[in-house]
There are 2 protein chains.
Amino acid sequence: MSKPYVVGIDIGGTNTVFGIVDARGAVIASSSIKTLKHSDVNAYIDELYSEVTRLLEANDAVDKVHGIGIGAPNANYYTGMIEKLVNIPWPTPLPLAQMVSEKFGIPVAITNDANAAAIGEMTYGAARGLKNFIMITLGTGVGSGIVINGQLVYGHDGFAGELGHTIMKRNNGRLCGCGRTGCLEAYCSASGVARTAREFLEVRQDPSLLRDIPVESITSKDVYDAAVAGDKLANEIFEYTGNILGEAFADFTVFSSPEAIILFGGLAKSGELLMRPLRESMEKNMMNMFKGKVRLLLSELKEADAAVLGASALGWEAKMPTPMTMPAAPAVE
Amino acid sequence: MSKPYVVGIDIGGTNTVFGIVDARGAVIASSSIKTLKHSDVNAYIDELYSEVTRLLEANDAVDKVHGIGIGAPNANYYTGMIEKLVNIPWPTPLPLAQMVSEKFGIPVAITNDANAAAIGEMTYGAARGLKNFIMITLGTGVGSGIVINGQLVYGHDGFAGELGHTIMKRNNGRLCGCGRTGCLEAYCSASGVARTAREFLEVRQDPSLLRDIPVESITSKDVYDAAVAGDKLANEIFEYTGNILGEAFADFTVFSSPEAIILFGGLAKSGELLMRPLRESMEKNMMNMFKGKVRLLLSELKEADAAVLGASALGWEAKMPTPMTMPAAPAVE
């Protein structure tokens, strides 16, 4: 590899974080800009270009970048497009990979944030050496990146791996952001945990530290703090959450029989509060032939670096678009 | 390819069917033996050898066989072992691939019947040219073979693709043969349809042609015949079955985003009786981003030949085991 670095860019609803990464996964330097500073996407890319260039210059890395990897919501690896944006006012579908590649003169590959996390974990983290695993990100939503035979699963259209939208409750399920009801994400995301808290507080009478907090402002962090303080109701919320997550993981296993399921994101840092009921539920619900075989692992990427690292790993395989087309979809004929 | 033929062997609980297949998927000749004639597996393999050899001689195909592919229940592609047998009294785990390969002096690969069906469909049938699809076999049970990026999904241990054991009813689900409750197979297999008939007949009062049949002997074929004859209750059984199958297919889609789901097996021949409610339920339950994208296809393999064809397709990639080990598991490290 003649050029020793890649650049990872993680586009979030608030911040766009970027960094220069070497082949061992060390983040040489990183910085960020405000994603929403520019409502015009071209002005955004101009600022991104000047700030990334400034960082490269400061680290003697100009002309040493093999490729750029971008993690962004609803980004399609095959087409290089962002298909949909919720809190960012840029027009969609947006040919982001092509636009950034033309601006920088460097190959660019993009994928969604959960897929980027899976690639980062496989390249630098807990999934090194694993060829069959599932990455689950427990954040505001529940994201997933699936690896089978060492390859990220994109499906025929680039959108595979939406495991947060597996239906876990077919009757009276909670409304999900996707418009349907009963999705895993509506229960096991950070916001799902907060919803569970509000439900439990409403239907139950027993005392709880959580009753001291205005009910609409309760967060998963509040539930965590209360549980750590020994609050019974808060502990039962984690029990409830881990139970549903374990049911889901048992179903995922009959699909792809992964060697490990790797957890990332804020909720994953709840430790045994979540992991014990999750592990118990997963094993209890597991089909016999898979019992005891699937390891539950936590991400080994440092949280501050994880998004940039995950995105950057894509940069190693990025290719320049041909003048006529974006990179062809490898799995579509 | 210097040797123009493969042999496909499908080991069922009653019959073992085998055939000589050419590279275009033509079954040159086929025959069968009774699987249970010998309780000793060595005697079974001896008879299989002499009958297959007789067939090869009659078709001038001796020394022209590239490899043998075997489809068998609970067969593991990675290890060449049959892990478990239900109605066949041979000892397990059984190193079948090795035993057959040593007897014939020809490379042998084995997999379970649903995986064999998927490979057969990809090689010779409705999935030619597809790189991302799911094969669902609706027989006594519900089997599946999953193809992603043109590769069959075996998972880290060889047992991936047990989609018939996805949980569809988390409360008061029917007992499944796997020991758990609420599995897809307990509802949408041929025996599941018969169970639905018994449930419907018990809790409902309306007249039905099915009431003329002793309730314990009702089969899915009886339900089909009654539905075709216009019986309302029998039609509702197909509606119920298709609805659950569609819910399952929508969940499978968020995992691997397949281009098509291909149906095979007795129930799949129910035509629009099953396909209409299945299609409607799948689209109704589908996450928006996948709506209208997944084609429902029927197997294009002739039923009489399908099992042999599917197994035979494995023969093209079979390799001789090394003296020390069976073929190493490519995805396990």
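Further up the page is the structure itself.
Keep in mind the model is a prediction, meaning the values are calculated, not measured. (Residues numbered from 1 in each chain as written. Chains lettered and ligands numbered in written order. Predicted model: local features only at pLDDT ≥ 70, side-chain atom pairs only at ≥ 80, totals over all residues. Heavy atoms only, no water.)

Participant: I'm lost on empty space enclosed by the protein in this one. Help?
Facilitator: Taken as a whole and judged by the stated rule, the model has two cavities of 30 Å³ or more. If you add up the space inside the largest cavity, you get close to 100 Å³. Taken together, Leu163(A), Thr166(A), Asp251(A), Phe252(A), Phe255(A), Leu163(B), Thr166(B), Asp251(B), Phe252(B) and Phe255(B) make up the full set of residues lining the largest cavity. For the lining of the largest cavity, the elements supplying multiple residues, two or more each, are helix H7 (232-256) of chain A together with helix H7 (232-256) of chain B. Along the lines of polarity and charge, the residues of the lining of the largest cavity split into six nonpolar, two polar and two charged. Counted as a void, the second largest cavity has a volume near 40 Å³. A per-class count over the lining of the second largest cavity returns three nonpolar, three polar and one charged. (1 Å grid on protein atoms, 1.4 Å probe; cavity = no way out; pocket = protein on both sides within 12 Å on 5 of 7 lines; lining within 4 Å. Points joined across faces, edges and corners; volume = space filled by probe spheres on them. Helix = DSSP H or I, 4+ residues; strand = E, 2+ residues; numbered from the N terminus. Nonpolar A, V, L, I, M, F, W, Y, C, P; charged D, E, K, R; others polar.)

Participant: Any chance you could explain the interface of chain B and chain A here in plain terms?
Facilitator: One widely used convention gives an interface's size as the accessible area the parts lose upon coming together. Facing the 46 residues of chain B at the interface are 46 residues of chain A. Summed over both partners, the interface of chain B with chain A comes to about 4,100 Å²; 54% of that surface belongs to carbon and sulfur atoms. Looking at the side of chain B facing chain A, the largest losses of area belong to His156(B), Arg170(B) and Phe255(B), adding up to 20% of the total buried there. For the interface between chain B and chain A, the tally reads six salt bridges. For the salt bridge of Arg170(A) with Asp251(B), the shortest nitrogen-to-oxygen distance reads 2.9 Å. The tally of links between chain B and chain A comes to 22 residue pairs in polar contact (both at pLDDT 80 or more). Where the side of chain B that touches chain A is concerned, the elements lending two or more residues are strand S7 (142-148), strand S8 (151-152) and H7 of chain B. The biggest single contributor to the side of chain B that touches chain A is H7(B), with six residues. Among the residues forming the side of chain B that touches chain A, the class breakdown is 23 nonpolar, 13 polar and ten charged. (Contact = heavy atoms within 4.5 Å. Buried area = accessible area lost by both parts, 1.4 Å probe. Salt bridge = Lys/Arg side-chain N within 4 Å of Asp/Glu carboxyl O. Polar contact = N/O pair within 3.5 Å; in protein donor to acceptor, adjacent residues only side chain to side chain.)

Participant: Honestly, the relation of the copies chain B and chain A in this entry has me stumped. Any pointers?
Facilitator: The pair of chain copies shares a relation made of a rotation about an axis and a shift along it. Here chain B sits on chain A after a turn of 180 degrees about the axis and a move of 0.0 Å along it, with an RMSD of 0.0 Å. What the rotation and shift describe, once combined, is the action of a two-fold rotation axis. Of the interface residues in chain B, 100% have counterparts in chain A that sit at the interface too, so the contact is made through matching surfaces. (Least-squares fit on C-alpha atoms with pLDDT ≥ 70 in both.)

Participant: Just to check I follow, could you spell out the packing of aromatic side chains for this structure?
Facilitator: The relation between two aromatic rings is expressed through the spacing of the ring centres and the mutual angle of the planes. Tallied over the entire structure, the rule returns 18 aromatic pairs over all chains. Between Tyr77(B) and Tyr78(B), the aromatic rings sit 6.2 Å apart at their centres with planes inclined by 55 degrees, giving tilted as the arrangement. On the accessibility criterion, Tyr78(B) (4% relative accessible area) is buried. With centroids separated by 5.4 Å and ring planes inclined at 70 degrees, the aromatic side chains of Phe200(B) and Tyr240(B) adopt a geometry described as edge-to-face. One end of the pair, Phe200(B), is in helix H5 (residues 190-203); the other, Tyr240(B), is in helix H7, and 40 residues separate them in sequence. Here the aromatic residues Phe249(A), Phe252(A), Phe255(A), Phe249(B), Phe252(B) and Phe255(B) are joined through ring pairs into a cluster of three or more. The ring of Tyr187(A) carries the charged tip of Lys169(A) above its face, separated from the ring centre by 6.0 Å. (Phe/Tyr/Trp six-rings, centres within 6.5 Å; stacked < 30°, edge-to-face > 60°. Buried < 20%, exposed > 50% of the residue type's maximum accessible area, 1.4 Å probe, protein only. Lys NZ or Arg CZ within 6 Å of the ring centre and 35° of its normal.)

Participant: Would you take a moment to explain the pairing of strand S4 (residues 65-71) of chain B for this structure?
Facilitator: One face of the sheet, then the other: side chains in a regular strand alternate in exactly this way. Residues and elements named next belong to chain B. A large share of S4 lies buried, amounting to six of its seven residues. Two elements, strand S1 (residues 5-11) and S4, share six bridges in a ladder whose sense is parallel. Bridging from a neighbouring strand, Gly8 pairs with Gly69 of S4. With four bridges joining them, S4 and strand S5 (residues 108-111) adopt parallel strand pairing. When the sheet's bridge partners are listed, Gly69 is paired in S5 with Ala109. The handedness of the S4 to S5 crossover, carried by helix H2 (residues 96-104), is right-handed. (Pairing = 2+ DSSP bridges. Right-handed = clockwise from strand over helix to strand, strands pointing away.)

Participant: Help me out: how do you make sense of the sheet that holds strand S9 (residues 260-264) of chain B in this one?
Facilitator: Whether parallel or antiparallel, the strands of a sheet pair through hydrogen bonds between backbone atoms. All names here are of chain B. Strand order across the open sheet formed by five strands is S8-S7-S6-S9-S10, with mixed pairing between neighbours. Edge positions in the sheet fall to S8 and strand S10 (295-298), since each has one partner strand and no second. In this sheet, S7 lies alongside strand S6 (residues 133-138) in antiparallel orientation, the contact comprising six bridges. From the neighbouring strand, Met135 faces S7, where its bridge partner is Gly145. The sheet contacts of H7 involve S6, S7, S9 and S10, and relative to S6 the element is tilted by about 150 degrees. (Axes fitted to C-alpha atoms, helices over the stretch in contact; angles between N-to-C directions.)

Participant: Help me understand helix H3 (residues 113-124) of chain A, please; the structure alone is not making it clear to me.
Facilitator: Along an α-helix, residues three or four apart share an orientation, since each turn contains 3.6 residues. Residues and elements named next belong to chain A. Taking 1.5 Å of rise per residue, twelve residues should cover 16 Å, and H3 covers 16 Å from first to last C-alpha, within 8% of that figure. Of all the twelve residues making up H3, nine are buried; the element is thus mostly covered by neighbouring parts of the structure. Listing the buried residues of H3 in full gives Ala114, Asn115, Ala116, Ala117, Ala118, Ile119, Gly120, Glu121 and Tyr124. If you check the start of H3, you find a side-chain oxygen 3.0 Å away from the backbone N of Ala114, and it comes from Asn112. (Expected span 1.5 Å × (residues − 1).)

Participant: Honestly, the pairing of S7(B) in this entry has me stumped. Any pointers?
Facilitator: All names here are of chain B. Across the seven residues that make up S7, a large majority, seven, are buried. Of the two faces of S7, both are covered, the one formed by Val142, Ser144, Ile146 and Ile148 as well as the one formed by Gly143, Gly145 and Val147. Adjacent in sequence and paired antiparallel, S6 and S7 are bridged by three residues. Direction of pairing for S7 relative to S8: antiparallel, over a ladder of two bridges. Of the residues in S8, the one forming a bridge with Ile148 is Gln151. Count of turn residues in the S7/S8 antiparallel hairpin: two residues, of which Asn149 carries a positive phi of about 50 degrees.

Participant: Hey, could you run me through the side chain of Ser101(B) in this one?
Facilitator: Residues and elements named next belong to chain B. Along the chain, the position of Ser101 falls in helix H2. Accessibility expressed as a relative area gives 2% for Ser101, which makes it buried. Side-chain polar atoms of Ser101 contact the backbone oxygen of Ile106, separated by 2.9 Å.

Participant: Help me understand unusual backbone geometry in this model?
Facilitator: Generally, phi is negative for residues other than glycine and the peptide bonds are trans, each holding for most cases. That bond from Thr92(A) to Pro93(A) is cis: its omega, -5 degrees, falls within 30 degrees of zero. Among the secondary structure elements, Pro93(A) is positioned in the loop between strand S4 (65-71) and helix H2 (96-104). With phi around 65 degrees, Asp63(A) is a residue other than glycine that occupies positive phi space. Checked against the element boundaries, Asp63(A) lands in the loop between helix H1 (41-58) and S4. Non-glycine residue Asn74(B) carries a positive phi angle of around 55 degrees. Positionally, Asn74(B) belongs in the loop between S4 and H2.

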